[in-house]
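Spelled out, the chains give:
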Amino acid sequence: MADEKELRYDPAAIEPKWQQRWAADPALYAAEPAASGKEKYYVLEMLPYPSGQLHMGHVRNYSIGDALARHMWMRGYNVLHPMGWDAFGLPAENAALKNNTPPREWTLANSAAMQKQMQRLGLGYDWATEVTTCLPDYYRWNQWFFLRMAEKGLVYRKQSKVNWCPDCATVLANEQVVNGCCWRHEDTLVAQQDLEQWFLRITAYAEELLKGLDNLEGWPEKVRTMQRNWIGRSEGTEIDFAVENRPEKIRVFTTRVDTIFGATSLQLAPEHPFVVALAQADQGLARQVQGLIEEQKKARESDDFGAIEKHGIPTGHIAINPYNGDLLPIWVANYVLLDYGTGAIMSVPGHDERDFEFAKKYALPVKRVIAPADPRAEEPELPFTSDDGVLVNSGDYDGLAVAAAQRRLQEEAENHGYGHAKVTYRLKDWGISRQRYWGTPIPMVHCETDGLVPMPDDQLPVILPNKIEITQQGGSPLGRVPEFVNTTCPKCGKPARRETDTMDTFIDSSWYFYRYTDAKNSAAPFDPAKAQYWFPIDPYIGGVEHAILHLIYSRFWTKVMRDLGLIVNDEPAKRLFTQGMVIKDGAKMSKSKGNVVSPDDMVARYGADATRMYALFAAPPDRDLDWQEDGVAGVSRFLGRVWRLVTKHSPTARNADSLQSSSKSEKGGALQRKLHQTIAKITQDFEGRWHFNTCVAAIMELVNEMQAADAELSSGEVPAPVVRELLTSLVLLLAPFAPFLAAELWEELGEQTAILRAPWPKSDPELAREDEIEIPVQVNGKLVSVVRVPAGAQPKDIEAAALADEKVRARSAGKTVAKVIVVPGRTVNLVVK
RNA sequence: GCGGAAGUGGUGAAAUGGCAAACACACCAGCCUUAGGAGCUGGCGCCCAAAAGGCUUGCGGGUUCAAGUCCCGCCUUCCGCACCA
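Computed from a prediction, not measured in an experiment: that's the story for all the values here.

Regarding the overall build of chain A
For chain A, the helix and strand inventory stands at 26 helices and 35 strands. A principal-axis box enclosing the C-alpha atoms of chain A has dimensions of 105 × 85 × 50 Å. Relative to its 833 residues, chain A shows a buried fraction of 53%. Considering only contacts within chain A whose residues lie at least 6 apart along the sequence, 72% involve residues at least 24 apart. Total accessible area computed for chain A in this model is approximately 37,400 Å², and 49% of it derives from carbon and sulfur atoms. Each charge class in chain A was averaged separately, 94 positive and 110 negative side chains, and the resulting centres sit 2 Å apart.

Quick notes on the sheet that holds strand β31 (residues 625-626)
Strand order in the open sheet made by the 3 strands is β30-β29-β31, with mixed pairing throughout. Among the strands making up the open sheet, the edge pair consists of β30 (587-588) and β31. In this structure, strand β29 (residues 582-584) lies alongside β30, joined through 2 bridges in antiparallel fashion. Looking across to β30, one finds that Ile583 is bridged to Lys588.

Details of unusual backbone geometry
In this structure, the amide linkage connecting Leu460 to the following residue, Pro461, adopts the cis form with an omega of -5°. Mapped onto the elements, Pro461 comes out in the loop between β23 (451-454) and α13 (482-485). For the bond from Phe535 to Pro536, the omega torsion is 0°, close enough to zero to count as cis. Residue position: Pro536 is located in the loop between α15 (528-534) and β27 (537-543). Positive phi is not limited to glycine here, since Ala363 has a value of about 55°. Within the secondary structure, Ala363 sits in the loop between α11 (353-362) and β17 (370-372).

Observations concerning the confidence of the model for chain A
Across chain A, pLDDT averages 90, with 95% of residues at or above 70. Contacts from residues 1-5, a stretch scored under 50 in pLDDT, to residues over four places away or in other chains number 1 contact.

Here's the deal with the pairing of strand β15 (residues 327-333)
With 5 of its 7 residues buried, β15 lies for the most part within the structure. Of the strand pairs in this sheet, strand β13 (residues 265-268) and β15 are connected by 3 bridges, and their pairing is parallel. If you follow Gln267 over to β15, its bridge partner there is Trp331. When strand β14 (residues 312-320) meets β15, the two strands line up antiparallel, connected through 6 bridges.

Some points on the packing of aromatic side chains
Here the structure, examined in full by the defined rule, presents 48 aromatic pairs. Above the plane of the ring of Tyr335 lies Lys310, whose end atom (NZ or CZ) is 5.8 Å from the centre. The aromatic ring of Trp690 is capped on one face by Arg575, whose charged end is 3.7 Å from the ring centroid.

Description of the sheet that holds strand β25 (residues 495-498)
Spatial ordering of the open sheet is given by β23-β22-β25-β24, a layout of 4 strands whose pairing is antiparallel. In the strand order of this sheet, the two ends are held by β23 and β24 (486-488), each with one partner. Along the sheet, successive strands turn relative to each other by an average axial angle of 45°, direction set aside. Pairing of β24 with β25 involves 3 bridges; the strand directions are antiparallel. Note that in β25 the partner of Thr487 across the bridge is Ala496.

Considering the nonpolar core
Judged by nonpolar contacts, the single largest core of 180 residues is most densely connected at Trp430, Phe513, Tyr540, Phe556, Trp557, Trp627 and Phe737. Apart from residues lying up to four places away in sequence, Phe737 is in contact with Ala67, Asp609, Arg612, Met613, Leu616, Phe686, Phe692, Cys695, Val696 and Ile699. Ranked by size, the runner-up nonpolar core spans 39 residues in total, among them Phe241, Val257, Leu285 and Tyr397.

Things to note about the protein's contact with RNA strand B
Contacts to RNA strand B come from 54 residues, most closely from Thr255, Ile308, Lys310, Arg354 and Ala618. The sugar-phosphate portion of RNA strand B accounts for 60% of its atoms within 4 Å of the protein, the bases making up the rest. Between RNA strand B and the protein, one listed contact pairs a sugar or linking oxygen with a backbone N or O atom of Tyr335 at 3.0 Å. Separating a base oxygen of RNA strand B from a side-chain N or O atom of Arg826 is a distance of 3.0 Å. When residues in the surface near RNA strand B are grouped by element, the largest group, 7 residues, is from helix α20 (residues 692-708). Residue classes in the surface near RNA strand B are distributed as 20 nonpolar, 14 polar and 20 charged.

Rules used throughout
Position numbers for residues count from 1 along each chain, tracking the sequence in the order it is written. Numbering of ligands from 1 and lettering of chains from A proceed in the order in which they are written. With pLDDT at 70 or above as the cut-off, local features in this predicted model cover only qualifying residues; side-chain atom pairs require 80 or more to be listed or tallied, and sums for whole chains, interfaces and linings still use all residues. Just so you know, side-chain values use all the structure's heavy atoms and leave hydrogens and water out. Under the DSSP-based scheme used, a helix requires at least four consecutive residues in state H or I and a strand at least two consecutive residues in state E, with every element numbered from the N terminus. Each residue is assigned to one of three classes by its accessible area relative to the maximum for its type, calculated with a 1.4 Å probe on protein chains only: buried under 20%, partly exposed between the two thresholds, exposed over 50%. Throughout, a residue-residue contact means that at least one pair of heavy atoms, one from each residue, lies within 4.5 Å. Note on areas: Shrake-Rupley, 1.4 Å probe, and residue coverage restricted to the protein chains presented here. Positive charges come from Lys and Arg, negative ones from Asp and Glu, while His and the chain ends are left out of the count. Charge coordinates come from a single atom per side chain, which is NZ of Lys, CZ of Arg, CG of Asp or CD of Glu. Note on pairing: two strands pair once DSSP finds at least 2 bridges between them. Confidence of the predictor at the level of single residues is captured by pLDDT, which takes values from 0 to 100. Each Phe, Tyr or Trp ring (for Trp, its six-membered ring) is paired with any other whose centre lies within 6.5 Å, and the angle between the two planes then decides the class: stacked below 30 degrees, edge-to-face above 60, tilted in between. In this analysis the charged atom, NZ for Lys or CZ for Arg, is taken to sit over a ring once it is within 6 Å of the ring centre and within 35 degrees of the ring normal. In this analysis, axes come from line fits to C-alpha atoms, helices being fitted only over the stretch in contact, and the angle between any two N-to-C directions falls in the range 0 to 180 degrees. Definition of nonpolar core: a set of buried residues of the types Ala, Val, Leu, Ile, Met, Phe, Trp, Tyr and Cys, connected through side-chain atoms within 4.5 Å. We call a residue near a molecule or strand when any one of its heavy atoms sits within 4 Å of it. Polar contact criterion, stated in full: a pair of N or O atoms within 3.5 Å, where within protein one must be able to donate a hydrogen and the other to accept it, and residues adjacent in sequence count only if both atoms are side-chain atoms. Polarity classes work like this: nonpolar for Ala, Val, Leu, Ile, Met, Phe, Trp, Tyr, Cys and Pro, charged for Asp, Glu, Lys and Arg, and polar for all others, with Gly in that last group.

Written out as structure tokens, the structure is:
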């Protein structure tokens, strides 16, 4: 019975054994100091939120990163492969409410559980550099950075709108607003509230963040485009309009100043200062404007801003077009946004869809001022929004092309002092205040005498109190902890109040990957020399859902740190790799759909190796992956074949002299050829394409061939040194994808050292070369036959072989061969007439 | 509306412009048996009873000796952004 048991591949026996051995050897996955002299490789996967459970998306993400890390270790690189926990955030507070567990305990228990899962999966992380963002030795540096930014003028406070869930009685982040409702209360509309908020001046870096994208060649085009759109640079003109009988001027932003002779009104956002001023003196107007504001609010809340019907209110005031003296009625319109441009537009119904719709509704005049560039073209229907045109009905500017007219009109405005060219961004400053408990306290003090006073560095960290009652009452929870709130002013020493807002959790993840390079540093966020050695990150691997927020914030943070003199790199990551989603039955896995596959379950049934290898085999890593359990079973069966193949022939391999492995036997030569072709293919894929699905397929082909030659391997027909080479190389190739089985079989082959330290096999082109190859022969582009020729055959020999082929002769009988194209090693095409 | 990606067997997929469907899954037939979530052999795009042959990469054009791959125009799906002036 025992013997038979041994004939079966049993991951449940193999994997825990190696897991224990690896855990007992912390140096195995540890990064070495720069002095190692090895070339560095920093492979990073996005750190998880410690929810308590890994999901399949994590497994896929980490399987990709771990395969790369293991491969690079075997290539002799100094590899940094760290892991940590994005540990602040609302779920911990929700759990606290639900289970009466303190957020800190809940979070740390979760990350400990997930670390166990990761170790069970055999992921090779250097746990000595682990970062947990909710611990004071990490978040104190958030506070430190905040103070440095404040010194540089990158921090300010201002009144701002926030998302407010009345049921939770708390502020929500934008990403927690789903279709205008709270993510935890699907039927509760999120309201907008005005609060005084802390902001980081990310817009100071808007231009650099945009320009830098052009050089990020290792980032997916999709992500770069999304960031470009998010930053939303647009070039235009600001023009000041005087108002009849009023002292104010109204500044308008437009990208189409060339259409200004077609302006027939000005439209102002309901919250525009001019409107506010008018409303103060006019109850009726005030009420109407309030109506518009309510409408906008509602539209914003329902996430359907574009769909509300345009309407407006005439103010009765008149603006003057500075170019031609036209008198333009001033309106308040519900489709104009206060926070883009200047909050005021010139309305040109002839050449803008929205203005046209508005003008039709209120019977405002529509003027044609742009004609198609081609004079023969028919006069187009209005609105004509193309910028390929020339000016008409525009005084001295008639006949100018759009672009030229814009330049001339800008010059004119500057000469007369009523306008100038202007670049506007859609990117807004980063509102980082959260009226929540579980986050980094903002290190500021409110003093009656000195106002806002930053905490001195030597009083950091401002510790988040542990004992706190989390309730559903409004306001910052920290405000209800007197020991926290009551302090003394660092400047004057008088009693003062601490800031009770905490920081957005995206701050935690904006720089965590620098901390990995020096995670235990208690004097600085990290040693610049260490960061300089490891940065930039070589591949940064994660889901595309972070394309905007996290990846813009962390680029911003990198630039700030560079300007603080801490680092020398401009960008955090050389290459960004966005893996596809894991889906099941055509839909993203989710609890509500009931199609969630648990990694623990897969590991229990098929083992970590099969689970990981399936995650790499089922699809290329950048595409969505459809999880099919039968596929995991298939990979598991394959690993069983490998196990049987290697254990069966390992005695032969162990006794072989490893120095001579070149085979004289035909079968041995064929297997060696396949082996060296496989090594070449996989090595090449690791160098950039990362199509691990075809790497696994190539290993399967190799195993299939070896299995088919089982008799020759057993009989000695294939020399023992070749058997040895075949088996050891196979196990080495498998190591990045199925680390447990590879380690087990490595030992089975009598190897003493860790497989992770064994050199990656090298493909010998001599051994990989085919003796004879098949060349498809086409006649007039149609496949007709296949001829066999020696591998290095000359074009004329290949041509002769093709012409001699029977099927080819039949096909070209009675016709003349007009042309012969020979692609050596590839194909022959005969053109016959 | 703007931007991005993708459309290939029953399924996941493969294919530096050079034999479309490698490798797997599922299915079918057979073998073995210690009856297992095991192993082995064979079959498996479509048309034709089979062979021979023909057809086939969303649709329509084009470039080329040669197109799943390159170019142009459409259609569909997914994703991101969106009264952004």
